[in-house]
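A closer look at the structure
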Amino acid sequence: MDSPTQVPLRQSISRARWIGFKTIVIREYGRIVRIWGQTLVPSAVTATLYFVIFGNLIGRRVGPMAGFDYRQFIAPGLIMMSIITNSYGNVVSSFFGAKFGKHIEELMVSPLPTSIIVAGYTAGGLIRGLMVGGVVTLVSLFFARLPVAHFFAIIAAAVLTSTVFSLAGFINAVFARSFDQMNFIPVFVLTPLTYFGGVFYSVTMLPGWAQKLSFVNPILHMVNAFRYGFLGTSDVHVVAAFGLMLLLTVVLFATAVQLLGRGVGVRD
Amino acid sequence: MLALSTRGLTKTYKNGVHALRSVDLDVEEGDFFALLGPNGAGKTTLIGIMTSLVNKTGGTASIFGYDIDKQLERAKSCIGVVPQELNFNQFESPMTIVVNQAGFYGIERSEARVRAERYLRQLQLWDKRNSAARGLSGGMKRRLMIARALMHEPRLLILDEPTAGVDIEIRRTMWDFLRDINARGTTIILTTHYLEEAESLCRNIAIIDKGGIIERDRMSNLLRRLNTQTFVLNTRGTLQAAPPVVGFGVRLIDEHTLEADIGKEQDLNGLFVELSRLGVEVLSMRNKINRLEEIFMQLVETGGQAAAGVAATADATGAAGAAAPPSTRASHG
């Protein structure tokens, strides 16, 4: 049982941690807004190009996909692609930049637990992912009519996917010792998985072996869960997709906290 | 109460370097404590372990009684650290940097802004509060790190080379500021290469070399151990040779400059009487090197052996003991 003096102490610690978490989030948000030309604009430009080239020019010849206009079909995938790359990119660059500039020490010497530090950076990735997702959604509305079949599925898929890739970006940044290593995973792993994750096509178009292989790709499940929210159709089992996202969130968060707690990449 | 206490603190890096070898060190609450040592002696590693930037490989350490293995958050909340290298985001403003730092220690932003104004003003950074930190001068950046370290009003302030590269005027201002902080109850541990700084500010001192503490004493006791001091004398007339002063080692440096060795049992009056008798007029005089520097060099060059001989004769109240043997004295050009 707590003694009378322990209860307020515990409350003050909780309060202090909440303030610490908010401070990291405010700092991350400030960074996103301060360098908006690098953080918010590029995805809008890329999405516009995808819509113009793949949607309007090539898409007209592709015809309907899974019963929808091709531009409607690719819109959720393009939004999700921007969420994935920006969530990941935000955390990996912010945390690695803090390591490189040594200001990660500001956090490491503070009494904040590692779980709060990981949560703060993840929230920063989530904010950027959702901000960019919102911008790309606005861009897509210029090119395609987007129905909303399951609103909460859209929100849940966006938030969980963004969280998963923010955490993945954090772990990448923990291990990275150079800018080359920081970019290795996004270029050689993330981009191929995203392009083979059903952004531009329905997985049912693939031969059997390729379909089976595609189901190993978590991005396929995320894109389809998100598309299900808009169009009400999916190539994967939607509940299983959300289960996978939750599982990845828990596993990656625990991994990130453990790595930072051991001081991997940040302590001698 | 002890602000800092370590027992058997050991650090061996992955490359096999033994940075700390079973360090036992106590620093009393309220002290202004100098931790000195040559480059690579283990000072920054010791500070790194205290601030959890370095994982120790053995031993224990506590801050105000909080064991860093069992109560790390509590221990860290007591410490403010000014590191040797700049470690703030150069793209942020001083105001943002210090307010955020307060937030990491659980201080509300409204309170953090009040403290930010106080410390940025005291450290003469208020006018630059909204400028990008990368545009600040070297001295301003150092002061910004001090302001940042004070935002949560730590009980123990650790300063690792805080005045490196800072001009003498600003250094003196920083000394006054640190004396004031210490007088108001903050324990300060200082590492510096400016031994004049340590001598001027600190009451107690530890000298670390090759990962071990080779000396730990009151500053005044340590300075009293100096066997011989060398003074540089500027003379009015032109000298062709060193005057034959009885009982003092006097050397001619140039036609207007002499060097004189004064033993701790001798006094300066005797030297001046002798010089006056020989018709040498002294215009000014200074220590050839800082007193602490001389002792520091003796201790480091003998691996603490010089100090060991002295410490054995030091009395319980810290009165000076015998000095290091002349053969152990460092020679300085």
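Residues numbered from 1 in each chain as written. Chains lettered and ligands numbered in written order. Predicted model: local features only at pLDDT ≥ 70, side-chain atom pairs only at ≥ 80, totals over all residues.

The subject of this paragraph is the overall build of chain A. For chain A, the helix and strand inventory stands at 11 helices and zero strands. At 20 Å, chain A has a C-alpha radius of gyration in line with the 18 Å of a compact globule built from 268 residues. By principal-axis analysis of the C-alpha atoms, chain A measures approximately 70 × 40 × 35 Å. Out of the 268 residues belonging to chain A, those deemed buried represent 49%. Long-range contacts, defined here as pairs at least 24 residues apart, represent 83% of the contacts in chain A between residues at least 6 apart. (Helix = DSSP H or I, 4+ residues; strand = E, 2+ residues; numbered from the N terminus. Rg over C-alpha atoms; globule rule 2.2 N^0.38 Å. Buried ≥ 20, exposed ≤ 12 C-beta atoms within 10 Å, placed from the backbone. Contact = placed C-beta atoms within 7 Å.)

All names here are of chain B. Counting buried positions along strand S14 (residues 282-287) gives zero out of six residues, so the element sits mostly on the surface. Two strands pair when backbone bridges link them, and strand S11 (residues 228-235) and S14 are joined in this way by five bridges, in the antiparallel orientation. Bridging from a neighbouring strand, Thr-235 pairs with Val-282 of S14. (Pairing = 2+ DSSP bridges.)

All right, on to the interface of chain A and chain B then. Each partner contributes to the interface: chain A provides 23 residues, whereas chain B provides 25 residues. Residue assignment for the side of chain A that touches chain B shows that the elements contributing at least two residues are helix H1 (6-34) and helix H5 (104-108) of chain A. Examining the composition of the side of chain A that touches chain B, we find that eight residues originate from one element, H1(A), more than from any other.

So, on to the domain arrangement of chain B. Each assigned domain of chain B is listed here: domain 1 (2-221) and domain 2 (228-287). Between the C-alpha centres of domain 1 of chain B and domain 2 of chain B there is a distance of 42 Å. (Domains from an automatic or database assignment.)

On to helix H6 (residues 168-183) of chain B, then. Residue and element names in this part refer to chain B. Its 16 residues place the ends of H6 22 Å apart at the C-alpha level, agreeing with the 22 Å of an ideal helix rising 1.5 Å per residue. Those residues of H6 that are buried are in contact with strand S3 (32-36), helix H5 (138-150), strand S7 (156-160), strand S8 (187-191) and helix H7 (195-201). Gly-185 occupies a position one or two residues after H6 and carries a positive phi of about 115°. (Expected span 1.5 Å × (residues − 1).)

All right, on to the sheet that holds strand S10 (residues 212-218) of chain B then. Residues and elements named next belong to chain B. Spatially, six strands are ordered S6-S7-S8-S3-S9-S10 in an open sheet, and the strand pairing comes out mixed. The open sheet has two edge strands with one neighbour each: strand S6 (79-82) and S10. Mean inter-strand twist for the sheet, computed between neighbouring axes without regard to direction, equals 15°. Where S3 meets strand S9 (residues 204-209), four bridges bridge the pair, whose relative direction is parallel. Looking across to S9, one finds that Leu-36 is bridged to Ile-207. With respect to the sheet, helix H1 (residues 43-50) is in contact with S3, S6, S7, S8 and S9, its orientation differing from that of S7 by roughly 145°. (Axes fitted to C-alpha atoms, helices over the stretch in contact; angles between N-to-C directions.)

Our next topic: the packing of helix H3 (residues 41-62) of chain A against helix H4 (residues 70-100) of chain A. Angle between the axes and distance between the axes: these two values describe a pair of packed helices. Residues and elements named next belong to chain A. Contact pair H3 / H4: the axes reach a minimum separation of 10 Å and the direction vectors enclose 155°. With respect to each other, H3 and H4 are oriented roughly antiparallel. In this structure, H3 meets H4 at a crossing whose hand is right-handed. Between H3 and H4, the contacting residues are Ser-43, Ala-47, Tyr-50, Phe-51, Phe-54, Gly-55, Gly-59 and Val-62 on the first element and Tyr-70, Arg-71, Ile-74, Leu-78, Ser-82 and Asn-86 on the second. Grouping the constituent residues of the contact of H3 with H4 by class yields eight nonpolar, five polar and one charged. (Parallel < 35°, antiparallel > 145°, perpendicular 65-115°, else oblique. Left-handed = near helix turned anticlockwise from the far one by under 90°. Nonpolar A, V, L, I, M, F, W, Y, C, P; charged D, E, K, R; others polar.)

Residue and element names in this part refer to chain A. Interaxial distance between helix H7 (residues 151-175) and helix H10 (residues 218-231) falls to 7 Å at its minimum, and their mutual angle equals 155°. The pairing of H7 with H10 is recorded here as roughly antiparallel in orientation. Of the two possible hands of crossing, H7 and H10 adopt the one that is left-handed. Taking contact as the criterion, the partners of Phe-151, Ala-153, Ile-154, Ala-157, Ala-158 and Thr-161 in H7 are, on H10, Met-222, Ala-225, Phe-226, Tyr-228, Gly-229 and Phe-230.

Attention now goes to unusual backbone geometry. All names here are of chain B. A positive phi is found at Glu-153, a non-glycine position, where the angle reads about 50°. Looking at where Glu-153 falls in the secondary structure, it is placed in the loop between H5 and S7. Unlike most non-glycine residues, Glu-161 shows phi in positive territory, near 55°. On the secondary structure map, Glu-161 appears in the loop between S7 and H6.

Attention shifts here to helix H8 (residues 179-195) of chain A. Residues and elements named next belong to chain A. For H8, built from 17 residues, the straight-helix expectation of 24 Å at 1.5 Å per residue is met to within 8% by its first-to-last C-alpha distance of 23 Å. Val-189 marks the point of greatest bend in H8, at about 30°, and the proline Pro-192 comes within the next four residues. For H8, the set of buried residues is Met-182, Pro-186, Leu-190 and Thr-194. At its buried positions, H8 is contacted by H4, H7 and H10. (Bend = angle between axes of the 7 residues up to and from the residue.)

The next subject is the sheet that holds strand S4 (residues 58-63) of chain B. Residues and elements named next belong to chain B. Across the sheet, four strands lie side by side as S2-S1-S4-S5; this open sheet has antiparallel pairing. Every interior strand has two partners, whereas the edge strands, strand S2 (18-28) and strand S5 (66-67), have only one. In this sheet, S4 lies alongside strand S1 (residues 2-12) in antiparallel orientation, the contact comprising five bridges. Across the sheet, the residue bridging to Thr-10 is Gly-58, located in S4.

Our next topic: the environment of Phe100(A). You can see Phe100(A) is positioned in helix H4. Spatially, the C-alpha atom of Phe100(A) lies 35 Å from that of Val139(A), the residues being 39 residues apart in sequence.

Looking now at the confidence of the model for chain B. Residue and element names in this part refer to chain B. For chain B, per-residue confidence averages 85 on the pLDDT scale, and residues scoring 70 or more make up 90% of the total. This model gives residues 307-333 a pLDDT under 50, and the stretch forms 42 contacts once residues within four places in sequence are excluded. Per the prediction output, this complex has pTM 0.83; the corresponding ipTM is 0.88. (pLDDT = per-residue confidence, 0-100.)

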